[in-house]
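# A closer look at the structure
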Amino acid sequence: PVDPTYLTTLASASRDREQVTLRYGDTHGTRTERVLEPHGLVHSGSRWYLAAWDLGREDWRTFRVDRIDRCATTGRRFSLRAVPGGSVARYVSQSVSSSPYTFEATLRLHATHEEMAARVSPLSGILEPDGPAHCRFQTGAHSLEQLGLWVGLLGVEFDVLAPPELREHLQRTADRLHRAASARPRSVA
């Protein structure tokens, strides 16, 4: 659950270009105090994310709003910065869909951008048009097995543009599945 007053505070601070302070818990539960220049909120369908310039780390960061346990404006104004990727939504999508993962993949999907945008959450990867009948998809996972399963579940033909290890993994998986589909079940003695 997200405290609605945090959403209101962060949305107003983003609109008014006002710095905020907050206490944030990372994935391990460690709490840190942050001073931020909030640039916008993004809703994924299941979570709220804040894209902000972190003054202490002097870099862009994405924050899950449900991990904030204190939030207030400071009264100090800031000037907007150029958001990586050109938009808050694109930056959040990139930061939560592939950057935190061990393996990142780029695929050329044999489906239109519109078709895939209706089927794929923006937080699962970056989707871009690639001609009239295709689109590119950048995504990530912690293992080749997870990545292979995820791209296989997209339900469309695709070409692996990177990494080559994913192509090799998919070939081994396809060979194993072909053997399983072709073989007669073994009798149990």
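Please refer to the structure higher up on the page.
Conventions we followed
- Residues numbered from 1 in each chain as written.
- Predicted model: local features only at pLDDT ≥ 70, side-chain atom pairs only at ≥ 80, totals over all residues.
- Heavy atoms only, no water.
- Helix = DSSP H or I, 4+ residues; strand = E, 2+ residues; numbered from the N terminus.
- Buried < 20%, exposed > 50% of the residue type's maximum accessible area, 1.4 Å probe, protein only.
- Contact = heavy atoms within 4.5 Å.
- Pairing = 2+ DSSP bridges.
- Arc of directions from axis to C-beta.
- Salt bridge = Lys/Arg side-chain N within 4 Å of Asp/Glu carboxyl O.

## Remarks on the overall build of the protein
Along the backbone of the protein there are five helices and nine strands. Each helix and strand of the protein, placed in order from N terminus to C terminus, yields the pattern α-β-β-β-β-β-α-β-α-β-β-α-β-α. Considering only C-alpha atoms, the protein reaches an extent of 75 × 45 × 25 Å along its principal axes. Residues classed as buried in the protein amount to 38% of the 189 residues present. The contacts in the protein between residues at least 6 apart in sequence include a share of 60% that link residues at least 24 apart.

## Focus on the pairing of strand β8 (residues 135-141)
Here is the key point about a regular strand: its side chains alternate between the two faces of the sheet. Counting buried positions over the seven residues of β8 gives five, a clear majority of the element. Two elements, strand β6 (residues 103-109) and β8, share seven bridges in a ladder whose sense is antiparallel. Note on β8: the bridge partner recorded for alanine 105 is threonine 139. In this sheet, β8 lies alongside strand β7 (residues 126-129) in antiparallel orientation, the contact comprising four bridges. Considered in β8, the bridge of proline 129 is made with cysteine 135. Remark: five residues form the turn of the hairpin made by β7 and β8, two consecutive strands paired antiparallel; glycine 131 in that turn has positive phi of roughly 90 degrees.

## Description of unusual backbone geometry
Note the cis peptide between alanine 162 and proline 163, where omega equals 0 degrees. With respect to the helices and strands, proline 163 occurs in the loop between β9 (158-162) and α5 (164-182). The residue arginine 17 is not glycine, and still its phi comes out positive at about 55 degrees. With respect to the secondary-structure elements, arginine 17 resides in the loop between α1 (4-16) and β1 (18-25).

## Quick notes on helix α4 (residues 144-152)
Three or four residues apart is the spacing at which side chains of an α-helix point the same way, because the helix has 3.6 residues per turn. The set of residues buried in α4 consists of Leu144, Leu147, Gly148 and Val151. Looking straight down α4, one finds that the buried residues subtend no more than 100 degrees of arc, so they occupy a single side. Facing away from the buried surface of α4 by more than 90 degrees, the exposed residues are Glu145 and Leu149. Its buried side turned inward, α4 meets β6, β8, β9 and α5.

## Digging into the pattern of salt bridges
Evaluated as defined, the whole model comprises 14 salt bridges. Between arginine 31 and aspartate 69 there is a salt bridge; the shortest N-O distance is 3.0 Å. Of the two residues, arginine 31 is situated in strand β2 (residues 31-43) and aspartate 69 in strand β5 (residues 68-77); the sequence distance between them amounts to 38 residues. Take arginine 31: its relative accessible area is 45%, and that puts it in the partly exposed class. Of the residues examined, aspartate 69 reaches a relative accessible area of 27% and is grouped as partly exposed. Here arginine 70 ties to glutamate 33 by a salt bridge, and the two come within 2.5 Å at their closest N and O atoms. Taken together, the residues arginine 70 in strand β5 and glutamate 33 in strand β2 connect sequence positions 37 residues apart.

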